[in-house]
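The lines below spell out each chain.
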Amino acid sequence: MKARKGKWENVWPGLFLLAAVILIIGGALTLSFLKGRKVQTEDIRAVEKIIGLKFTPKERRLMLEDVRNHARTYRRLRHVPLANNIPPALYFNPQVKEIEKVSSRTHETSSLSMFTPTEVKIKRPENLEELAFYPVTALAELIRTRQVSSMELTEMYLNRLKKYGPRLECVVTLTEELARKQAKQADEEIAAGKYRGPLHGIPWGAKDLLATKGIKTTYGAAPYKDQVPDEDATVVKKLEEAGAVLVAKLTLGELAWGDVWFGGRTRNPWDYEQGSSGSSAGSAAATAAGLVGFAIGSETWGSIVSPCSRCGVTGLRPTFGRVSRTGAMTLSWSMDKIGPIARSVDDCALIFQAIIGPDGLDLTCVDQPFHWDPEMDLKSIRVGYLKKEFDRDYRNKKNDLHTLEVLKSLGLELVPFELPENIPVDSLSFILNVEAAAAFDELTRNNLDELLRRQGRNAWPNVFRQARLIPAVEYLQANRLRWLLMKEMAERMKEIDVYVAPSFGGSNLLLTNLTGHPAVVVPNGFDEKGHPTSISFIGNLFAEDKLLRVARAFQQATDFHLRHPQLKE
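Everything numeric here is computed off the predicted structure, so don't read it as measured data.

A. Here's a closer look at the packing of aromatic side chains. Going through the model one piece at a time under the given rule, you end up with 14 aromatic pairs. With 5.1 Å between their ring centres and 15° between their planes, Trp-460 and Phe-464 make a pair best called stacked. On the criterion of helical spacing, the pair formed by Trp-460 and Phe-464 is a turn pair, its members being 4 residues apart in helix H16 (residues 460-467). Members of the aromatic cluster, each reached through a chain of ring pairs, are Tyr-219, Tyr-224, Trp-257, Phe-440, Trp-460 and Phe-464. Above the ring of Trp-257, the side-chain terminus of Arg-454 is found at 5.0 Å from the ring centroid. Here Lys-568 stacks its cationic end above the ring of Tyr-272, 5.4 Å away from the centre of that ring.

B. Examining the pairing of strand E2 (residues 203-207) more closely. Counting buried positions along E2 yields 5 of 5 residues, so the element is predominantly enclosed. Examined bridge by bridge, E2 and strand E3 (residues 245-250) share 5 bridges and lie parallel to one another. Following the sheet pairing, Pro-203 is matched in E3 by Val-245. One crossover worth recording links E2 to the parallel E3 by way of helix H8 (residues 234-241), and it is right-handed.

C. Examining the side chain of Glu-389 more closely. With respect to the helices, strands and loops of the structure, Glu-389 is situated in helix H12 (residues 387-391). In terms of polar contacts, Glu-389 uses its side chain to reach the side chain of Arg-392, at 2.7 Å. Apart from residues no more than four positions distant in its own chain, Glu-389 is found in contact with Tyr-394, Pro-502, Gly-505 and Gly-506.

D. Focus on the pattern of salt bridges. All chains considered together, the criterion is met by 37 salt bridges. Here Glu-48 ties to Arg-60 by a salt bridge, and the two come within 2.6 Å at their closest N and O atoms. Taken together, the residues span a long stretch of sequence, with Glu-48 in helix H2 (residues 41-51) and Arg-60 in helix H3 (residues 57-77) at a distance of 12 residues. Connected through salt bridges with shared partners, the residues Glu-155, Lys-162, Glu-176 and Arg-180 form a single ionic network.

E. Examining the confidence of the model for the protein more closely. Confidence in the prediction for the protein averages 91 pLDDT; 90% of positions are at 70 or higher. Across residues 1-9 the pLDDT falls below 50, and counting only partners more than four positions away or on other chains, this stretch makes 0 contacts in the model. pLDDT under 50 marks residues 101-119. Its contacts with residues more than four places away, or in other chains, come to 33 contacts.

F. Broad picture of helix H14 (residues 430-439). In terms of burial, H14 is largely enclosed, as 9 of its 10 residues are buried. Those residues of H14 not exposed but buried are Phe-430, Ile-431, Leu-432, Asn-433, Val-434, Glu-435, Ala-436, Ala-437 and Ala-439. In this structure, the buried residues of H14 make contact with helix H15 (441-445), H16, helix H17 (472-492) and helix H18 (508-515).

G. Expanded view of the nonpolar core. Counting 115 residues, the largest nonpolar core has Leu-210, Leu-255, Phe-294, Ile-296, Phe-440, Tyr-499 and Phe-537 as its most contacted members. Apart from residues lying up to four places away in sequence, Leu-255 is in contact with Tyr-219, Ala-221, Tyr-224, Met-329, Leu-331, Phe-440, Leu-443, Leu-452, Trp-460 and Phe-464. Membership of the second largest hydrophobic core comes to 30 residues, among which are Ala-248, Tyr-272, Ala-289 and Cys-311.

H. Broad picture of the packing of helix H11 (residues 345-355) against helix H19 (residues 544-556). Interhelical geometry of H11 versus H19 gives an angle of 155° and a closest axis separation of 9 Å. One element, H11, and the other, H19, form an angle in the roughly antiparallel class. Residues Val-345, Asp-346, Ala-349 and Phe-352 of H11 touch H19, and the partners they reach there are Glu-544, Leu-548, Ala-551, Arg-552 and Gln-555. Its residues placed into classes, the contact of H11 with H19 shows 5 nonpolar, 1 polar and 3 charged.

About the thresholds
Residues numbered from 1 in each chain as written. Predicted model: local features only at pLDDT ≥ 70, side-chain atom pairs only at ≥ 80, totals over all residues. Heavy atoms only, no water. Phe/Tyr/Trp six-rings, centres within 6.5 Å; stacked < 30°, edge-to-face > 60°. Helix = DSSP H or I, 4+ residues; strand = E, 2+ residues; numbered from the N terminus. Lys NZ or Arg CZ within 6 Å of the ring centre and 35° of its normal. Buried < 20%, exposed > 50% of the residue type's maximum accessible area, 1.4 Å probe, protein only. Pairing = 2+ DSSP bridges. Right-handed = clockwise from strand over helix to strand, strands pointing away. Polar contact = N/O pair within 3.5 Å; in protein donor to acceptor, adjacent residues only side chain to side chain. Contact = heavy atoms within 4.5 Å. Salt bridge = Lys/Arg side-chain N within 4 Å of Asp/Glu carboxyl O. pLDDT = per-residue confidence, 0-100. Core = buried A, V, L, I, M, F, W, Y, C linked by side-chain atoms within 4.5 Å. Axes fitted to C-alpha atoms, helices over the stretch in contact; angles between N-to-C directions. Parallel < 35°, antiparallel > 145°, perpendicular 65-115°, else oblique. Nonpolar A, V, L, I, M, F, W, Y, C, P; charged D, E, K, R; others polar.

Take a look at the structure:
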């Protein structure tokens with residue numbers, strides 16, 4: 001029996017075609033509307049070249065009135081103000097299956113073993129400024145034993161920030177008044193026996209996309225250089241609760257891209273003629289230069305890995321959803337991550353433990369425990385390496401191959417590991433562009449993007465504009481492919497706990513930012529010009545303990561993280 005056709009059956013193809021056009025041409029066609037000229041069929045025909053589709057004259061006429069209506073709809077919607085911190089009603093979850101919930105009790109480790117794993121007692125140096133390059137683990141022991149006061153450390157770092165910060169162009173705002181208040185309180189509490197833990201009294205710097213109450217938070221960009229939040233970011237609150245002392249707001253490339261900000265270009269402390277890379281430019285440079293005990297950075301696509309590599313410091317990019325982003329500038333709702341930048345893996349573990357956990361505001365942030373055991377049996381961790389990437393010819397290959405030899409000498413059996421190759425990862429990168437363009441929509445619509453310093457092809461103003469010509473359909477299709485990538489990656493990661501990768505080259509950096517996997521980047525040598533090089537370790541979702549343990553083992557077997565640059569005033 002022949003089925004009877006429903007009345008909607010012939011309508012759906014036309015609706016799908018209409019949707020494909022409406023979701024792409026809003027920006028271009030709205031301009032025609034706002035200029036007083038109605039959208040015409042030739043406008044739709046012109047857009048077809050951009051979206052890679054071909055419609056018939058009849059199809060164009062059918063969709064014309066609805067496209068005009070949507071242009072009017074966009075105009076009405078734009079009358080509703082949307083602050084940067086307003087998320088879309090969609091949330092990214094890196095988990096493709098439920099992760100087994102374990103006890104929320106954190107690993108108990110004595111202070112002495114945590115601070116001095118080698119059991120060498122730390123004593124105050126004669127010259128206090130030598131502490132500038134001490135790791136947090138050592139500074140914490142000196143403060144805990146009251147050999148050094150938080151106020152002494154704070155004044156020392158403030159002096160260094162004033163002395164070297166201008167030349168490095170790494171400081172946006174010194175928070176002197178707040179720092180002295182917090183340091184004084186820390187000293188009083190410790191003297192009274194109220195020691196909060198290893199970050200108590202430790203001076204730190206915040207990437208200037210973290211909101212600080214009553215203190216400018218500029219995003220590194222001229223349109224926001226006078227912005228003063230009325231509340232602290234969650235990470236800032238958590239570090240204050242841990243007793244840390246905020247001494248400076250540090251530079252970032254404008255709107256979290258590169259090392260150029262409204263006040264200059266942040267410099268690499270190892271070579272002032274070279275930028276520090278970004279976007280966590282000031283966080284990495286200030287840490288490498290001994291201007292802060294540690295710093296907080298953020299990564300969307302390499303913004304912790306890249307400046308840490310350039311400046312020769314250690315950085316942790318946590319699993320997506322580990323650290324609340326409330327109060328942090330949004331660039332990409334589905335890719336932004338906040339993490340520590342410090343002088344050692346041990347430092348990163350301490351800082352990470354203080355900032356993780358949900359706050360009830362960032363709905364992507366989940367409650368997963370972190371069990372840090374710095375003496376975990378290395379042989380219990382399955383370690384792979386990206387064989388294809390190590391086999392190719394590239395810069396700094398010698399240092400990377402040496403890293404593999406060091407790991408083997410520690411008794412680790414490195415197994416070849418390959419990333420998924422059935423999905424064109426590079427072709428998914430416009431996911432970031434679309435979300436960033438939405439996050440800073442007001443800059444494009446109000447021509448405030450003209451205030452940004454960088455105006456070339458590879459700069460935000462151009463990216464924001466061209467992102468408006470990416471169809472919403474294609475954005476969703478890319479995220480569907482992203483889901484397949486996540487599933488494939490989860491399947492492959494069943495075979496290992498951690499893998500080693502060159503920090504740059506290939507698809508690894510973008511891929512793991514898209515899938516939300518954590519990474520640790522550590523210095524692994526120097527190039528022929530004396531610039532630091534790095535190696536990256538990538539771990540399973542919410543398994544930072546094993547990831548940090550492997551990175552720590554490499555760091556303990558080498559001394560690259562102990563070296564520091566000679567600074568110029």
